[in-house]
Amino acid sequence: MPNTTMIDSPSFYANPDRNVAVLNYNAHFITSVFDLVNSEELIAFVRLFLNQQRDKVPVDADPVTTFNLATPETYMDVVKAILTDQVTAYQPFKTAEILASVEDLYTYYRTYLRISLMTAHENNVVASEFMSIDQNFNDLVIRLYRAIEEKLKGHANHVYREVNAGTNGTLLLREVAWPLPTGYEALKDIHFISRMMLQPPMMLHTKSNKRKGLFTATKTNPLENFKGTERDWLCYPAKIGESLAYIYFHRDYLASGIALANLFQMADTEEISGQQPDLILLFGTPGVASDEHPENGHYFYDQANGIYVGQIPYNDQTTYFGYMKKMCLTLHNLHMIAEKKLPIHGSMVRITFANGQTKTVVFFGDSGAGKSESIEALQAVADDQIANIETIFDDMGSFTLEDDYLYAQGTETGAFVRLDDLSSEVAFNNMDRGIYMNPEQKNARVIIPANTWPRVVAHHEIDMWVYANNYDDAIGIHRFEDQATAKATFVAGKRCALGTTDEVGMSTTFFANPFGPVQEQAATQPIIDAVFDRLFADDVYVGEIFTHLGSDKSQANLNASAHKLLQELLKL
């Protein structure tokens, strides 16, 4: 792991390689501007900044009068002189150059994902005040910046912009006691996130923007080689569907760790105290990866304790949020298969029509098949015939067959969506809640809340299940007349890949789901058979919708297919 030009003290951690900065308020909380300018944390960060700036200084610059060639100690002495109006103390440097450097320092700091931490104990006032404590630090940072700026310019600003000057968010941590099995003792002291405050919209940047390969099984429990400590690891307790997951991640993966809050329901402390999880993920370890795909992770089923344990290695590729999301879903889906439930790679919506009728539709298919796009097109062509479309799940759900009754549930309370897939209305309506990943790049994504956990895991009847066919030239929607043909289409998982992963061109994936069913095909097939038997016995509409995303990408053709879908729904 990177260990050069890095700050790693008990109170402040900053890794320029990952653009992550962490302030530990328990170790040191800065209470005034005086404390801030005299803090070890600030001078350490100035040192990082000057190291970065020196590459931009002309080789013939005068080291005596060039402010960005000053030592960190001299730099801070100048800042203090400005604040106390000791003009002669910084006369060797040009005022305009000092102002430009301070502006650059402020901008450089805000390129980091800046997260503060506090640990709460029983009857600790921090638990109720953690947000205001963080806001106090934000106020100090912006006050210091404005004071320096206005003193150097000689007048007050005409316009003030209230940006997130100090941090992007703060985490309240707790110690949680749960019954660790033998071999899991390394997790004992790692703190759980119990509350989180984020300041969206958040624009995060990672070194990778695409997921590759598959997750594979391993015969060795990743906990056997786990070396993480409470200083550099955190745990997000998540409810993924009805699975309880403890997601442990290295602090260099805070971008993915905090984004979990927009995707999976955080479990309450009372729900996890004394509770063994169904799933454990270790994200950002130097663990073993496959030779073909060194970025990929593994999972292990601890049969003795009934826990699925996943591991994702620390490298540049796995900074993409898709790795964290998809390993969580893979572990959950493996858990569902073990419980004879069928993981569904797709989107499910509950549509309320203007006449008061409701229909639940599941769109099925692998990444890029056109599930989300079909829903967007349906909204576009519906005019006033649809009163509301409620998203139950956006990427992964499950079907459960219980006493001849088939119902569906979701897994996520949010959605991890390509920006290109969002209509401007949806994008702007959710901007103030979104966590944006690499918004300037291809395959840019946003994680937005979508629904509440009770609604996601409720038992939903299924009125229609359609395969998102993005490769055929037909327009509209087609209902399968016989069960064998329908099942063969769904199991084949055919699609034209759009480059959202490392796949390009025509591909097939068992049951269109590389996150569980592919790994456990033999165990999944009997569940598929039972579900299709029930669907056709109940005369549920099982068909395919032609999305055209893999061929002409025609919005007009997609809208025409959505219009046919609307007509079929109104007839059901």
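Preceding block: the structure.
Keep in mind it's a predicted model, so treat the numbers as computed, not measured. (Residues numbered from 1 in each chain as written. Predicted model: local features only at pLDDT ≥ 70, side-chain atom pairs only at ≥ 80, totals over all residues. Heavy atoms only, no water.)

Asks: Please clarify how the overall build of the protein chain should be interpreted in this entry.
Replies: Looking only at helices and strands, one finds 14 helices and 27 strands in the protein chain. Put simply, the protein chain has 572 residues, and 58% of those count as buried. For the protein chain, the share of sequence-separated contacts (at least 6 apart) that also reach a separation of at least 24 residues comes to 76%. About 23,800 Å² of surface is accessible on the protein chain, with carbon and sulfur atoms providing 49% of the total. Positive and negative side-chain charges of the protein chain, numbering 45 and 72 respectively, have mean locations separated by a distance of 3 Å. (Helix = DSSP H or I, 4+ residues; strand = E, 2+ residues; numbered from the N terminus. Buried < 20%, exposed > 50% of the residue type's maximum accessible area, 1.4 Å probe, protein only. Contact = heavy atoms within 4.5 Å. Areas by Shrake-Rupley, 256 points an atom, 1.4 Å probe, with all protein chains shown as cover. Lys, Arg positive; Asp, Glu negative; His and termini not counted. Charge placed at Lys NZ, Arg CZ, Asp CG, Glu CD.)

Asks: Hey, could you run me through the packing of aromatic side chains in this one?
Replies: Aromatic ring pairs are reported here in terms of the distance separating the ring centres and the angle at which the planes meet. Counting across every chain of the model gives 33 aromatic pairs. Judged by centre distance (3.8 Å) and plane angle (10°), the rings of tyrosine 106 and tyrosine 145 are stacked. On the criterion of sequence distance, the pair formed by tyrosine 106 in helix H4 (residues 95-110) and tyrosine 145 in helix H5 (residues 126-153) is long-range, its members being 39 residues apart. We note that tyrosine 106, like tyrosine 145, is buried. With centroids separated by 5.0 Å and ring planes inclined at 70°, the aromatic side chains of phenylalanine 399 and tryptophan 465 adopt a geometry described as edge-to-face. Highlighted residues: phenylalanine 399 in strand E18 (residues 396-402) and tryptophan 465 in strand E23 (residues 464-469), separated in sequence by 66 residues. By relative accessible area, tryptophan 465 is classed as buried at 0%. The side chain of arginine 114 reaches across the aromatic face of tyrosine 109, ending 5.2 Å from its centre. Over the face of the ring belonging to tyrosine 13 we find arginine 251, whose NZ or CZ atom lies 3.6 Å from the ring centre. (Phe/Tyr/Trp six-rings, centres within 6.5 Å; stacked < 30°, edge-to-face > 60°. Lys NZ or Arg CZ within 6 Å of the ring centre and 35° of its normal.)

Asks: Mind showing me how you'd approach the sheet that holds strand E20 (residues 414-418) here?
Replies: The strands that make up a sheet are held in pairs by hydrogen bonds between backbone atoms, and each pair lies either parallel or antiparallel. Taken in spatial order, the four strands make up an open sheet running E7-E21-E22-E20, and their pairing is mixed. Two strands in the sheet have a free side with no partner beyond their single neighbour: strand E7 (202-204) and E20. Neighbour-to-neighbour, the strand axes of this sheet turn through a mean angle of 20°, independent of strand direction. Here E7 runs beside strand E21 (residues 435-437); their pairing, made up of three bridges, is parallel. Along E21, the bridge assignment pairs leucine 204 with methionine 437. (Pairing = 2+ DSSP bridges. Axes fitted to C-alpha atoms, helices over the stretch in contact; angles between N-to-C directions.)

Asks: For this particular structure, what's the right way to read the pairing of strand E22 (residues 445-449)?
Replies: Along a regular strand, successive side chains alternate from one face of the sheet to the other. Of all five residues in E22, four are buried; the element is thus mostly enclosed. Note that E20 and E22 share five bridges and pair antiparallel. Its bridge partner lying in E22, glycine 414 is registered against proline 449. The pairing of E21 with E22 spans three bridges and is antiparallel. Counted as the bridge partner of tyrosine 436 is valine 446 from E22.

Asks: Even after reading the chapter, I still don't get helix H3 (residues 72-83), so can you show me in this structure?
Replies: In an α-helix, one turn spans 3.6 residues, which is why side chains three or four residues apart end up on the same side. Between its terminal C-alpha atoms H3 stretches 17 Å, which fits the 16 Å expected from 12 residues at 1.5 Å a residue. Within the span of H3, buried status applies to Pro72, Tyr75, Met76, Val78, Val79, Ala81 and Ile82. One or two residues past the end of H3 sits aspartate 85, with phi positive at roughly 60°. (Expected span 1.5 Å × (residues − 1).)

Asks: It is not clear to me how helix H13 (residues 521-537) should be interpreted in this structure. Could you clarify?
Replies: The terminal C-alpha atoms of H13, which comprises 17 residues, lie 24 Å apart, in line with the 24 Å expected from a rise of 1.5 Å per residue. Residues of H13 that are buried: Thr524, Ile527, Ile528, Val531, Phe532, Arg534 and Leu535. Viewed along the axis of H13, the buried residues span an arc of 160°, placing them on a single side of the element. Relative to its buried face, H13 has exposed residues pointing more than 90 degrees away, namely Ala522 and Ala537. Just downstream of H13 lies aspartate 539, where phi reads positive at about 60°. (Arc of directions from axis to C-beta.)

Asks: Help me out: how do you make sense of the packing of helix H2 (residues 40-53) against H4 in this one?
Replies: Axis angle and axis distance: for two packed helices, these are the angle between their axes and the distance between the axes, and together they describe the pair. Close contact between H2 and H4 brings their axes to 10 Å; oriented N to C, the two are set at 105°. Judged by the angle between their axes, H2 and H4 are roughly perpendicular. Contacts between H2 and H4 involve Phe45, Val46, Leu48, Phe49, Gln52 and Gln53 from the first element and Ser101, Asp104, Leu105, Tyr108 and Tyr109 from the second. Classifying every residue of the contact of H2 with H4 gives seven nonpolar, three polar and one charged. (Parallel < 35°, antiparallel > 145°, perpendicular 65-115°, else oblique. Nonpolar A, V, L, I, M, F, W, Y, C, P; charged D, E, K, R; others polar.)

Asks: Sorry, what's going on with the packing of H3 against H4 here?
Replies: As a packed pair, H3 and H4 sit with axes 12 Å apart at the nearest point and diverge in direction by 110°. Considering their axes alone, H3 and H4 lie roughly perpendicular with respect to each other. Here Tyr75, Val78 and Ile82 of H3 come into contact with H4, specifically with Ile98, Ser101, Val102 and Leu105. By residue class, the composition of the contact of H3 with H4 is six nonpolar, one polar and no charged.

Asks: What is the right way to read the pattern of salt bridges from this model?
Replies: Any two side chains of opposite charge can pair, so long as their charged atoms come close to each other. Throughout the structure, instances matching the rule amount to 23 salt bridges. In this structure, arginine 455 and glutamate 390 form a salt bridge, with 2.9 Å as the shortest nitrogen-oxygen distance. One end of the pair, arginine 455, is in helix H11 (residues 453-457); the other, glutamate 390, is in strand E17 (residues 386-393), with 65 residues separating them in the sequence. Arginine 479 serves as the salt-bridge partner of aspartate 539, at 3.2 Å between the closest nitrogen and oxygen. Here aspartate 539, found in the loop between H13 and strand E27 (541-546), pairs with arginine 479, found in strand E24 (residues 477-479); they are 60 residues apart in sequence, far enough to count as distant. (Salt bridge = Lys/Arg side-chain N within 4 Å of Asp/Glu carboxyl O.)

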